[in-house]
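# Structural features, examined
Spelled out, the chains give:
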Amino acid sequence: MNVLGRSICQGVVQNSTKLHHNPIRFASILTRHPLGASTGLADDSRGLIFRQLFDYKSFTYTYLLGCSTSTEAILIDPVYEQAERDLKLAQELGLNLVFGINTHVHADHVTSTGRLKEMIGSSFRSVLSLGSGAEADLHICEGDVIKFGDHELETMETPGHTNGCLTFVLHKHSLAMTGDTMLIRGCGRTDFQQGSSESLYDSIHNKIFALPNHYHLYPGHDYRGFTKSMVGEEKKLNPRLALSKEDFIQFMKELNLAYPKLMGE
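Residues numbered from 1 in each chain as written. Predicted model: local features only at pLDDT ≥ 70, side-chain atom pairs only at ≥ 80, totals over all residues. Heavy atoms only, no water.

For the rest of this paragraph, the subject is the overall build of the chain. Within the chain, the regular secondary structure consists of six helices and 15 strands. The buried share of the chain, taken over its 265 residues, is 54%. Across the chain, contacts joining residues at least 24 apart in sequence account for 64% of those joining residues at least 6 apart. Of the accessible surface of the chain, which amounts to about 12100 Å², a share of 51% is contributed by carbon and sulfur atoms. (Helix = DSSP H or I, 4+ residues; strand = E, 2+ residues; numbered from the N terminus. Buried < 20%, exposed > 50% of the residue type's maximum accessible area, 1.4 Å probe, protein only. Contact = heavy atoms within 4.5 Å. Areas by Shrake-Rupley, 256 points an atom, 1.4 Å probe, with all protein chains shown as cover.)

Pasting the structure below:
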């Protein structure tokens with residue numbers, strides 16, 4: 001088992017001056033529950049524990065994914081004000097949080113990875129895209145794999161909402177967490193943080209829509225009460241993404257959205 005540490009993180013940064021570097025497989029250290037301990041709480045026979053959590057202030061989804069066999073677990077897009085909730089849930093499920101992963105640098109809420117690291121200790125690591133330009137314990141790029149127990153999360157670079165956006169795919173379970181790149185019947189805005197409507201369109205059509213139609217999609221936000229969709233469903237029913245590329249770019253220019261309240265915090 002490879003041990004997550006600064007040398008591997010530095011290797012990612014050094015190798016990532018070209019985006020198509022050799023994928024690096026990350027593995028974590030189990031520190032707080034006995035090795036081989038089983039939670040007995042898996043959602044299916046393949047041993048995945050999956051919970052979708054919601055922050056009502058920012059309409060943000062946080063995802064807790066854990067391995068019922070090893071008890072290793074990760075959080076995707078954790079929210080600062082919900083750190084205690086997320087840690088408590090992980091503990092109740094008998095899970096060890098080892099990674100806090102952000103799909104991008106958020107403008108509408110503050111991540112809780114720093115706070116969780118203070119609460120848990122140095123065995124908990126923050127993970128972020130190298131392209132984000134922001135600080136994290138580990139920086140990752142296209143093709144990198146984050147392993148937690150028996151499960152592997154593949155990294156796809158999907159810029160457009162920001163230049164450092166990532167989508168995470170769990171092929172074994174046919175699901176993907178798309179962050180703000182793709183929302184249910186919508187997509188992320190492109191008018192700040194190096195946003196690009198052209199890049200967003202390409203990221204969705206060339207990468208997310210290249211996944212099999214039966215893959216479930218879990219967004220970073222929702223404002224209408226939806227929780228998930230599917231690749232085939234969004235191909236058919238997402239009105240923005242049914243547009244031509246030129247029409248999509250023009251549509252995004254005309255949205256005229258209010259500036260995020262927490263931008264710059």
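Soluble globular proteins tend to pack their nonpolar side chains together in the buried interior. Ranked by size, the top nonpolar core spans 22 residues in total, and within it Leu 65, Ile 74, Ile 76, Ile 101, Leu 153 and Met 177 carry the most contacts. Mapped onto this core, the elements with two or more residues apiece are β2 (48-55), β3 (60-67), β4 (72-76), β5 (96-101), β7 (138-140), β8 (145-148), β10 (166-170) and β11 (175-179). With residues up to four places along the chain from it excluded, the contact list for Ile 101 reads Ile 74, Leu 75, Ile 76, Asp 77, Pro 78, Val 127, Ile 146, Leu 153 and Phe 168. Among the nonpolar cores identified, the runner-up in size contains 17 residues, and Cys 187, Tyr 201, Leu 211 and Phe 248 belong to it. (Core = buried A, V, L, I, M, F, W, Y, C linked by side-chain atoms within 4.5 Å.)

Along the chain, Leu 87 falls in helix α2 (residues 83-92). As a C-alpha pair, Leu 87 and Leu 75 span twelve residues in sequence and 9.6 Å in three-dimensional space. When near neighbours in sequence (up to four residues on either side) are disregarded, Leu 87 contacts Leu 97, Leu 116, Met 119 and Ile 120.

Moving on: the side chain of Thr 113. Along the polypeptide, Thr 113 turns up in helix α3 (residues 113-120). Not counting the four nearest positions on each side in its chain, Thr 113 is found in contact with Pro 78, Gly 100, Asn 102, Phe 124 and Ser 126.

Read across the sheet, six strands follow the order β2-β3-β4-β5-β6-β7 without closing on themselves; strand pairing throughout is mixed. The two strands at the open ends of the sheet, each matched to only one other strand, are β2 and β7. Averaged over all pairs of adjacent strands, the angle between strand axes in this sheet comes to 25 degrees, irrespective of strand direction. Bridge count between β3 and β4: four bridges; the pairing is antiparallel. For Tyr 63, the partnering residue across the bridge sits in β4 and is Ile 76. (Pairing = 2+ DSSP bridges. Axes fitted to C-alpha atoms, helices over the stretch in contact; angles between N-to-C directions.)

Next up on the list: the environment of Leu 255. Within the secondary structure, Leu 255 is located in the segment after α6 (245-253). For Leu 255, a relative accessible area of 23% corresponds to the partly exposed category. A C-alpha to C-alpha distance of 9.2 Å links Leu 255 and Asp 191, two positions 64 residues apart in sequence.

The next point concerns the pairing of β3. Counting buried positions along β3 yields eight of eight residues, so the element is predominantly enclosed. Alternating positions in β3 separate into two faces, Thr 60, Thr 62, Leu 64 and Gly 66 on one and Tyr 61, Tyr 63, Leu 65 and Cys 67 on the other, with burial throughout. The pairing of β2 with β3 spans eight bridges and is antiparallel. By the bridge assignment, Ile 49 is partnered in β3 with Gly 66.

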